[in-house]
Amino acid sequence: MGIRRTMISIALALASASLAGMSARAEDVKLVLWSLDRDIQPAPNLIKEFNAQKNGIQIEYRQLQFDDVVSEAMRAFSTGKAPDIITIDNPNHAMFASRKAFLDLTDMIRQSKVIKPENYFPGPLKSVTWDEKYYGVPKATNTIALYYNKDLFKAAGLDPEKPPQTWTELVATAKKLTNPSKNIYGITFSAKANEEGTFQFLPWAQMGGATYKTINSEGAVKALSVWKQMLDEKLASPDTLTRSQWDSTATFNAGNAAMAISGPWEIDRMLKDAKFQWGTALLPVPSEGAQRSSAMGDFNWAIFSSTKHPKEAFKALEFFASKDVTMYKDFGQLPARSDLPVPPTGNPLKDSALATFVEQLKYAQPRGPSPEWPKISKAIQDAIQSSLTGQMEPKAALDQADAKIKSIGG
Amino acid sequence: MKRVFSSITDGRGFDLVLVGVPFTFLLALSGLPLLYNILMSFQEVDMFSLGSVIRPFVGFKNYVDLFTEPETISILRNTIVFVVGSITGQFLVGFALALFFWINFPGASWLRGLFLVSWVMPGLVVGAIWNWILSGDFGVLNFFLQQTGLMSGNIFWRSDPNFSLWAVILANIWLGTSFNMILLATGLAAIPADLYEAAEMDGANAWQRFWTITLPMMRSTIGAIIALGLIFTLQQFDLFAAITDGGPNNSSNVAQYWAWDLSFRQYDFGKGATISVIMTVFVMFAATVYVRSTRHEVRG
Amino acid sequence: MSEVARNRLLLALSVVMAAIYLFPLYWMYVTALKSGSEMFATPPSFWPSSAQWSTFAYVWESRNMGRYLWNSTVIAFGAVSLIAILGTGCAYVLARYRNIWVDIGLFLILMFQVLPASLMITPIFVGFSQLGLLEYPRLAVILAITAKSMPFFVVLVRATFMAVPMELEEAALVDGNSRIGAFFNIVLPLARNGILVSAILIFMQAFGEFVYSKSMIQDIQLQPASVGLNSFMGPNTSEWNNIMAYATMYVTPILAIFVLLQRRIVSGLTSGALK
């Protein structure tokens, strides 16, 4: 009797232990992901799909504002409350990677069948690299190019199939298109005193042969002088100094500007709002045959080094990467992949615009990478603003920026 | 024990508890963060040491760095212009409205209430609306100014360095008028009517009555309003973020916005804290003025 | 000029001034009804060419405004209750006496308001996270708002208490009331109007608070309407008509309550001085 009782209790104990063990295993791993994506953009939707797989990992989503991503991430990380995964703007990646706030993914990438470094454009890949190791995976990429209003071109006697190719042509075209009596500016772009201004200016400087480390070289001074000329001669609105790219391009859509410099995120809205024929072109170069360059925008995925579930987080990233192929069709964003063809969408206007951007992406260069990017960017913004408002000559302004950047030591 | 209890319900203890509890609360939630900021201005801080209080001590380095930056002086100057401009505007308009409605014609109290609208609207929304109104190419303000023939071209309120600060001041005056108006109205209502009657019988006209009775009687109210106004104006942030972003070229940048920019856009927390210390010093003056100007008030 | 004519003139004048002053508000309502590209038209149109009433329903649904507004109400209510409880007594004592301690108290009260929320958020966040308060996000925000707005409440209510005659309280004490009794039975009822008014004003401010809510409330189910509005207004926002529609629905309830109560509010503040 005693032995039986003991046997039963042992059996029961074993059973409950294994049941407990099973239920512990059956409990899902919960990951937290922060991103600025809104409902019509990748992250929340990819997360929904991922969670629907019910593979033992569930992801919780928090939406942040663009301006808050870095400060929230910092606050969270320094108080030990960082999420598992975050999307971060590519120029800010180095700040976290260099301090090992992000997880080193090199080994996991090496063993991955889904994420392969050679599939990515060099620019975005560079932005997730620090010290020859990978601290993230590019999520999407974008760049800027020239949009132009074909109807206004025709009205001004210009050939709508021949957009300006060089800086001189651009200024001359803008002059012909500017019509104050109709409240039409030749061109619109953004020189705002935040990252957008740097984002727009750097390609021009880079085409002139400068880098952020040599921001006062001749080519950059020439670029800034062209900007100054456009504003001085009222070819672009003075509000260019305080307006974002999105708001500036809205004036293009409304027919108040004949050309606009902005990115592929404008396309969907432009298709809806612009009631005229428009086209796209690569960014004009300083002179025929000069080196092309462009900005590189958009975000990277990264896993915080404080995560308790690195393997599961990486699995999530692999899932997201596997969905790159439908990214453009579903969300209008360009994956940072060189191995994926961008499928035609059936809308000829959209497809030709797309072709321009994909071509422009070949020349996209990252901002940095440098852990001190915000300060470097600020120095550049100050130079842009002070010369465009006439407080300083372009050369002097860029000299000051260069001194500042050298003292930051990025 | 009974003595303590009776003191609390019926003696000194009562006052102490009533004041002590809220002050402890405030010391913990407002005082400590203030100290944290002051401490941070003497340290070298980066994003990873935000969570701890022990960081490398660098003495006055942040202060020295701050004052060797070319833009510091002009930003501090902008702050003074902003504060003086806003308070003057808000005060004058608020006082004028308070006096106007004091005349008390039918419908006055109804209409007066409408002017308090700006107080209840969230700063975010107010900023967005004024951004729209002040836009250079299609802003409504320019439209009106042109229609009434006051000017022929467009003023780029947000993007012209000569105007950008005034654009924000304009929006801020709109925002703060209601506060001034209502407090001044309160002060006006406190003046006993018989003083005016006596003066009228003595032959004083409206202007003289204003100068010799109204203003002196309102002195402490005015002092209080200006001191409070200073503090609130120094906190004004949303309008800058929405309208000019401190630009162009720092022409509309002020201390409180700059502190935020340094801390959360350039991630230089030490410098941001330094500016907040400077602001604290400003406010100490204002607070002293307030305390002294209300000194002679007696209850009842 | 006759009395009637004078009154009419003053009324007309004040209507004009009110119209000018309220113009930004009008602009908000009008933009909410416009379609996307009409907003950029030059010259600006003062009445939408085709009023898009559907914008309101669309924004309400897609942005889940009901839940947002509920959270805003909870937070504002919580903050005002806490402020009223803590601040009223404090204001009473600061009005009752005047000595060096009260001077210091008033000075400190003002100093506590020095820094804008955007600079206070970091130390508060750090402190709260160490205390584990961030597990209760709305409570954390209520505490932060209380600290932010209490000084203002105290200053306003103190002025109200200053108008309650000391003789009344002294008479009550002579009659045998304890201090607590005198406070609750005599002084407080007389100051009721001023307290109510200040509370309403603080409620409106708290309803619009967003800096603290943005950082401390990470769960979208618990976020207030101000954060909801802010998330609308990213760098790539051109849906100004949607934003203004959201702002309209966000602000109008407060405005409505306010307009209904404003006579009481204004008389509450100004009657405090009636001797």
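A brief report on the enclosed structure follows. From a predicted model like this one, the values you see are computed outputs, not experimental measurements.

Moving on: the overall build of chain C. Tallying secondary structure elements over chain C gives twelve helices and zero strands in all. Reading chain C from its N terminus to its C terminus gives the helix and strand order α-α-α-α-α-α-α-α-α-α-α-α. For chain C, restricting intrachain contacts to residue pairs at least 6 apart in sequence, the fraction spanning at least 24 positions comes to 72%. Working note: accessible area of chain C is about 10,800 Å², and carbon and sulfur atoms make up 67% of it.

Attention now goes to the packing of helix H2 (residues 12-40) of chain B against helix H5 (residues 100-111) of chain C. Relative to each other, H2 of chain B and H5 of chain C sit at 50 degrees, their axes nearing to 10 Å. With respect to each other, H2 of chain B and H5 of chain C are oriented oblique. Relative to H5 of chain C, H2 of chain B is oriented so that their crossing is left-handed. Residues Phe23, Leu26 and Leu34 of chain B of H2 of chain B touch H5 of chain C, and the partners they reach there are Gly105, Leu108, Ile109 and Met111 of chain C. Residues that form the contact of H2 of chain B with H5 of chain C fall into these classes: six nonpolar, one polar and no charged.

A word on the packing of helix H14 (residues 255-264) of chain B against helix H15 (residues 269-293) of chain B. All names here are of chain B. One can describe the packing of H14 onto H15 by two numbers: an axis separation of 7 Å at closest approach and a directional angle of 160 degrees. As judged from the angle between their axes, H14 and H15 are roughly antiparallel. Pair H14 / H15 crosses with left-handed handedness. Seen from H14, the contacting residues are Ala255, Gln256, Trp258, Ala259, Leu262, Ser263 and Phe264; seen from H15, they are Phe269, Lys271, Gly272, Ile275 and Met279. Here the contact of H14 with H15 is composed, by residue class, of eight nonpolar, three polar and one charged.

Approximately 1,500 Å³ is the volume found for the second largest pocket. Lining the second largest pocket are 50 residues, and of these Glu60, Tyr61 and Arg62 of chain A together with Gln218 and Asp219 of chain C lie nearest its centre. Contributing elements (two or more residues each) for the lining of the second largest pocket: strand S1 (29-35), helix H2 (42-52) and strand S2 (57-63) of chain A together with helix H4 (65-96), helix H10 (211-216) and helix H11 (225-232) of chain C. Taken together, the residues that form the lining of the second largest pocket break down as 18 nonpolar, 15 polar and 17 charged.

Here we take up empty space enclosed by the protein. Throughout the structure, instances matching the rule amount to eight cavities of 30 Å³ or more. Roughly 920 Å³ of volume is contained in the largest cavity. Along the walls of the largest cavity sit 35 residues, with Phe232, Gln235, Gln236 and Asp238 of chain B together with Gln205 of chain C positioned nearest its centre. Contributions of two or more residues to the lining of the largest cavity are made by helix H6 (117-120), helix H7 (123-133), helix H9 (164-189) and helix H12 (219-235) of chain B together with helix H6 (117-131), helix H7 (137-162) and helix H9 (179-207) of chain C. Looking at the lining of the largest cavity, the element that brings in the most residues is H9 of chain B, giving six residues. Residues of the lining of the largest cavity, tallied by class, amount to 16 nonpolar, 16 polar and three charged. Within this model, the second largest cavity holds a volume of roughly 120 Å³. Elements represented by at least two residues in the lining of the second largest cavity include exactly helix H16 (373-388) of chain A together with H14 of chain B.

Thresholds, definitions, all that
- Residues numbered from 1 in each chain as written.
- Chains lettered and ligands numbered in written order.
- Predicted model: local features only at pLDDT ≥ 70, side-chain atom pairs only at ≥ 80, totals over all residues.
- Heavy atoms only, no water.
- Helix = DSSP H or I, 4+ residues; strand = E, 2+ residues; numbered from the N terminus.
- Contact = heavy atoms within 4.5 Å.
- Areas by Shrake-Rupley, 256 points an atom, 1.4 Å probe, with all protein chains shown as cover.
- Axes fitted to C-alpha atoms, helices over the stretch in contact; angles between N-to-C directions.
- Parallel < 35°, antiparallel > 145°, perpendicular 65-115°, else oblique.
- Left-handed = near helix turned anticlockwise from the far one by under 90°.
- Nonpolar A, V, L, I, M, F, W, Y, C, P; charged D, E, K, R; others polar.
- 1 Å grid on protein atoms, 1.4 Å probe; cavity = no way out; pocket = protein on both sides within 12 Å on 5 of 7 lines; lining within 4 Å.
- Points joined across faces, edges and corners; volume = space filled by probe spheres on them.

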